[in-house]
Amino acid sequence: MKAKSKLLVPLISAFMAVSLLAGCSGNSGKSGSGETPNNKADENNSNTPASVYELGKEQLDFTLYGHYDWYTMPAWGGDITSTWIRDTKKVNVKPIHSGGAAPQKLNTMIATGDLPDAIWLERVDVEKLRSADMLVPFDDYLDKYPNLKKWLGEEGINMLRSEDGKLYQFPNWYTKQPNGNSGYVVNKKIYAELGSPKLETTDDLYSYLKLVKEKYPNVVPYEPHLAKDGQGLDVLYSAFKENDQKYPGMRAVPNGDKLTSIFLDPQYRESLQYTAKLFREKLITQDAMTQTIDQITEKVMTGRVAVFAAASPTEIAMQAHAELVKNDPEAGYFMIWPIHKEGLDKDKIFPGTYGMLGWNVTVITKKAKNPEAIFAFYDWLTGAEGQSALMWGPPGIYWDGVEADGETPIFTDKYTSEAGELGKLQAITTNLNWVGNTVFLDTTKAKFEESLPVEQQNWSTRYQREVTWKTQSNATEFINIDPQPDTEEGIIRQRIEDLYLEVRAKALFAKNDEEVISILDKAEKDAQAAGYDKLLAFKTEKWQANLAKMKAQ
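What you see is a predicted model; the values in this text were computed from it and never measured. (Residues numbered from 1 in each chain as written. Predicted model: local features only at pLDDT ≥ 70, side-chain atom pairs only at ≥ 80, totals over all residues. Heavy atoms only, no water.)

## Details of helix α22 (residues 532-551)
Let me state the cut-off plainly: Under the scheme used here, helices are H or I runs from DSSP no shorter than 4 residues and strands are E runs no shorter than 2 residues, and both carry numbers assigned from the N terminus. Expected span, for any helix, means 1.5 Å times one less than how many residues it has. For every residue, the accessible area obtained with a 1.4 Å probe (protein chains only) is divided by the maximum for its type, and the residue is called buried under 20%, exposed over 50%, and partly exposed between those limits.
Taking 1.5 Å of rise per residue, 20 residues should cover 28 Å, and α22 covers 29 Å from first to last C-alpha, within 8% of that figure. For α22, the complete set of buried residues consists of Y532, L535, L536, F538, K539, T540, W543, N546 and M550.

Okay, structure coming up:
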């Protein structure tokens, strides 16, 4: 994933609806087995080597730089969760902000050697620091602090290793199971008023959108979110190709053991012809390439969209659903199984992807006085107790104690009765979750939500469980295949990126199917002239290296 907005919780877990015991510390509250987590922790600690750092025994202060223009870390101790961590674990995280100039800030840090203790950043930026010998490897800590190995596993750890074979990165929102929100959201009231027709194939979708246009002139039939970054259009591409939806973001398509041109892919060509037809017939919003997120949100919130598709439509749709049903119980939105071309297997259509390594990572620099202590904190934070505190507050409010497994929180009545207040807390703590454990949070949340009556279930979580988690494909093998920006291949990549976006926009405005093909034929020639083959060869080599890493034990 690329840099997220502050809507991180919904995009990844429940997201905007969104999303315990660690080996090195205890938990307050009662265990479902009658044994308290603290007792279990004490029992474990009696067999723990003295060299293991124990959170809470002494004060741990460290600095953290969030390497994003948009990121301003919430005040540590400014909410009930970080206050609880500060007071019970004796950890104080001091922020260093980018000031809206993240690239310059990091370059200055590297040039001067004036580094923070830890940095939260994209994986692609780690090598700059590692090659300058500025990072602490984690290998000696993995067995002493077991949560990362437990929840990510050896395969994921191997994928994160640098060229020297060592591990320098602690991942965020990593997973060993499907997650994500990509897909189609349908306006419930409009759908019912039109007779609830079959909405499964691309032909069904076309007929339905034509009917919407005819009966509801003030409603957008198909809203593709931000078309300029391709979200809703890439979702349509998935309808024409079984087994994968990794390719648009890679700007390449696997063919055997090589990556090949996306401009020549038959299914990509067919999907652009279909999309252009929808656009020509005004079944797609006509300002798709220029509209803002605020304009999209306003349309969805007011029910003026019939079908809404995006990489994560749940973020806006869940809020819109809640608002619309307040005034009309028959209004709101629901999610459908992904659209497929007639003749394809609907269970092999994947409108979105997930990656084992999740979003970004945290590194610890050699400036840290006690890097092991910082790693111990992150390992606790990614464990059950740390994640429960970040997602549902400290024990005793929205959850109190744990189940017999020693990890799963026992939720209180306030989880549902004070959902609004919990949501406000999550809006803060999601920006403190630098080591998000997707499997623990999603599994815990989904299990509890499933036990509630439908009307009390979180809208996003329900459709994640019923639709989206079942229809996202694993793209882990294709991570980290892009070249560094300042290399020859990196310069070519930028040319291809610019060309791809330009071509997709031109194709959307094509007058007929033949013109779409003509545009793509020219794009292929232009891409080759820009060095596309060299880029594809580079990406292929990285992809094959990933496959080898994933097989390594």
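The structure having been displayed, the exposition proceeds.
## A look at the packing of helix α12 (residues 293-301) against helix α13 (residues 314-327)
Our working definition: Inter-axis angles, ranging from 0 to 180 degrees, are taken between N-to-C directions of lines fitted to C-alpha atoms, where helices are fitted over the stretch in contact. Left-handed describes a crossing in which the near helix is turned anticlockwise from the far one by less than a right angle; the clockwise case is right-handed. When checking whether two residues touch, look at their non-hydrogen atoms; a contact exists if any pair is within 4.5 Å.
One can describe the packing of α12 onto α13 by two numbers: an axis separation of 9 Å at closest approach and a directional angle of 35 degrees. Of the two elements, α12 crosses α13, and the hand of that crossing is right-handed. Residues I293, I296, T297, V300 and M301 of α12 touch α13, and the partners they reach there are I316, A317, Q319, A320, E323 and L324.

## Thoughts on the packing of aromatic side chains
Selection rule: Planes of paired rings set the category: under 30 degrees apart is stacked, over 60 is edge-to-face and the rest tilted, where pairs are Phe, Tyr or Trp rings (Trp by its six-membered ring) whose centres lie within 6.5 Å.
Enumeration according to the criterion identifies 35 aromatic pairs in this entry. Judged by centre distance (4.5 Å) and plane angle (55 degrees), the rings of F411 and Y415 are tilted. In textbook terms, an aromatic cluster arises when at least three aromatic residues are bridged by ring pairs, as seen for F62, W76, W84, F138, Y141, Y145, F170, F375, F377, Y378, W380 and W434.

## Quick notes on the confidence of the model for the protein
Note that predicted coordinates carrying low pLDDT should not be read in detail. Filter applied, for reference: Every residue carries a pLDDT, the predictor's confidence in it, which falls somewhere between 0 and 100.
For the protein, mean pLDDT is 88; residues scoring 70 or higher make up 90% of the total. In the model, residues 1-48 has pLDDT below 50 throughout and makes 158 contacts with residues more than four positions away in sequence or in other chains.

## Quick word on α12
Just so we agree on the cut-off: By definition, the arc is the one covered by directions from the helix axis to the C-beta atoms.
Of all the residues in α12, the buried ones are I296, K299 and V300. All buried residues of α12 lie within an arc of 95 degrees about the axis, which places them on one face of the element. Those residues of α12 that are buried lie in contact with β6 (220-223), β9 (305-310), α13 and β10 (333-336). Within two residues after α12, G303 carries a phi angle of roughly 75 degrees, on the positive side.

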